[in-house]
Structure formats: C-alpha cells, structure tokens
Amino acid sequence: PLLTFALSLTAVLVAADRVVIRWIAYLQRIAELYARGRFSVRAIQAEQAPPEIRDLAETLEDMADAILARDGALRENLAQKDALMREIHHRVKNNLQVITSLLNMQQRALSDPAARAAMSDTRQRITALALVYRALYQGPDLKQVDLRPFLEELTAQLIAADSLNGATVETELKVDALVIDPDRLAPLALFTVEAITNAQKHAFAGRGGRLSVEFRVVDGQAVLTISDDGSPPDSALAGSGVGRTLMNAFARQLRGAATLVRNAQGGISARLEFPTPAYAPPAHPNAAGGNQAAA
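Description of the structure in this document. (Residues numbered from 1 in each chain as written. Predicted model: local features only at pLDDT ≥ 70, side-chain atom pairs only at ≥ 80, totals over all residues. Heavy atoms only, no water.)

Put simply, helix α2 (residues 51–109) and helix α3 (residues 113–138) touch, their axes get as near as 8 Å, and they point 165° apart. Classified by the interaxial angle, the pair formed by α2 and α3 is roughly antiparallel. Remark: the crossing between α2 and α3 carries left-handed chirality. Along the lines of polarity and charge, the residues of the contact of α2 with α3 split into eleven nonpolar, eleven polar and six charged. (Axes fitted to C-alpha atoms, helices over the stretch in contact; angles between N-to-C directions. Helix = DSSP H or I, 4+ residues; strand = E, 2+ residues; numbered from the N terminus. Parallel < 35°, antiparallel > 145°, perpendicular 65-115°, else oblique. Left-handed = near helix turned anticlockwise from the far one by under 90°. Nonpolar A, V, L, I, M, F, W, Y, C, P; charged D, E, K, R; others polar.)

Ranked by size, the top nonpolar core spans 42 residues in total, and within it Leu147, Phe150, Leu211, Phe215 and Leu224 carry the most contacts. Counting residues per element, this core draws most heavily on helix α5 (residues 182–202), at nine residues. Every residue in contact with Leu224, bar those within four places of it in the chain, is listed here: Leu151, Leu188, Phe191, Thr192, Val213, Glu214, Phe215, Ala270, Arg271 and Leu272. Residues Leu33, Ala46, Ala49 and Ala64 belong to the second largest nonpolar core, which totals 16 residues. (Core = buried A, V, L, I, M, F, W, Y, C linked by side-chain atoms within 4.5 Å. Buried < 20%, exposed > 50% of the residue type's maximum accessible area, 1.4 Å probe, protein only. Contact = heavy atoms within 4.5 Å.)

In this fold, Asp82 is placed in helix α2. For Asp82, a relative accessible area of 28% gives the class partly exposed. In this structure the C-alpha to C-alpha distance between Asp82 and Asp141, which are 59 residues apart in sequence, comes to 9.0 Å.

Structure (structure tokens):
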C-alpha cells in the first residue's frame, strides 16, 4: 500500500506540473514582461496548454491590447495639448510684438525726451516678455527653458536697440547652464531688462562701453550679475527710482534679493541672487518592444 501511495502521489505531482504548474509559471513570466511595459509580447506557447490556461492567456493579451490602446490615446491627447499650448504662446508673442510696434510708433511721435525714454523702457519690457513666449513655443519642452541661449539673445536684442542711438557697447557673457521654468524666467528676464536699461541710461549714454553679464550656480544658489564700466553718478544707486523698485519686486518673485553697488571699474553692478529651481529631467516612457514570444 505504501508503494502504491507513493507511486500515485508521484503521478499526481508530475501531472499537476505538466498540466498546471509550468503553465502558471509561464503566464507569470508573461505578466512580469507586461509589468515592465513590454505589452507587445504574446503568449504563443499557451496554444499548447489546456483550455483554461489558454483562456487566461487570451485574457492577459486582451488586457495588454487595452493598455496599448489607452496609452496611444493618451499620447495623442498629450500631443494635441502640446500643439495647442505652443500655438497659444505663439499668438501671445505675436500680440506682444504688435504692442511693441505700436509703442514704437507712439515713441517716434513724442517730442518730450522724458516721455520718449519712458516709452522706450516699456517697449523693452514687453520685448523681453515676447522673447519668453518665443522661447517656450520654440523649445523642446513647454515646461522649461535653457537659460544660457535665452540670456544671450535677450542681451543682444537690448544692446542692438541701444546701438541705434550711436553708442557702441561691447558685451561679455559668462553663463552657467540652468534649465528654468517659465514662472521664474519672466521675472529674471525683466530684471535683466531693468539692469541693462539702467546701464544704457547712466553708463553708456553717448559714449558706449563694456557690459558684462555673468550667471553662476553655486551650492543651490543662482547669481546673476550685470556690470558696466561707466562712471554713473551716485544718484544711479538711489533706491527710489522706478527701475530699482521693479528690480526689487522681481527679486521677491524669485524669493531672492537684489543689490546695486559700485564695482571696481567705477561702474555699477546689479546683482540678483535666488535659489535655483529643483527641476527633474522629464521621464521617458518605457518603449514597447517588438512582437516577441516569451521563451
């Protein structure tokens, strides 16, 4: 009887392994591949399994097809949203450029030098905002902008506008790489406009000079320093002007601090220090593999 029982138990175990256990393990491997995003894998070997196992394999494949279809729909909706946002940014930029052109026409019609200067300052601020929107819709990611080329282009535009008045300004840029979000980019761009405009008014007026734009990231702190080599009066360091008020306001938006001091060259250095944004790189979705069969 004991031998008969042992033989029967062995036969049951062998049959269970061949009919159930090995197929369950096979489907478990398929499920693990699906968990890693390889939804194109198909359980081809399950065609030789018992009917119940084949039904379970077909259910897993239907689930994978449903997930692929849902992911495809989500990617399509995301692409449409991305295109819509880019179109919105493009139209906002175009509208700001129209406003800039209107202000330029109005500025030419003015005869009061103070009014013309105020109109020019407003036009430069709007130009900076238009550049922000252009950087957004032309960049690879709507949520972040590479600061280095942005500062280079913004500085070039401001200096080019000043060169029309006969002043030759040499620029030197030293910019560390930093990816920044639009919420921080706008006040940073407007601070740059105010600092360069201040140098154009007090240091470069009628004679030109040298402008230095330096951006450094050290220990989680970003420092933007815009310096000139002119000899502006002490009144340019006063804290009661509109430009100085705006610079302090932009610094507060960045949760930082703004300072305006005289540098070693006799000019003025505008310094903005703020905490760098903790911006993680975008995650790349798992790419589905080609049509494969689990071994």
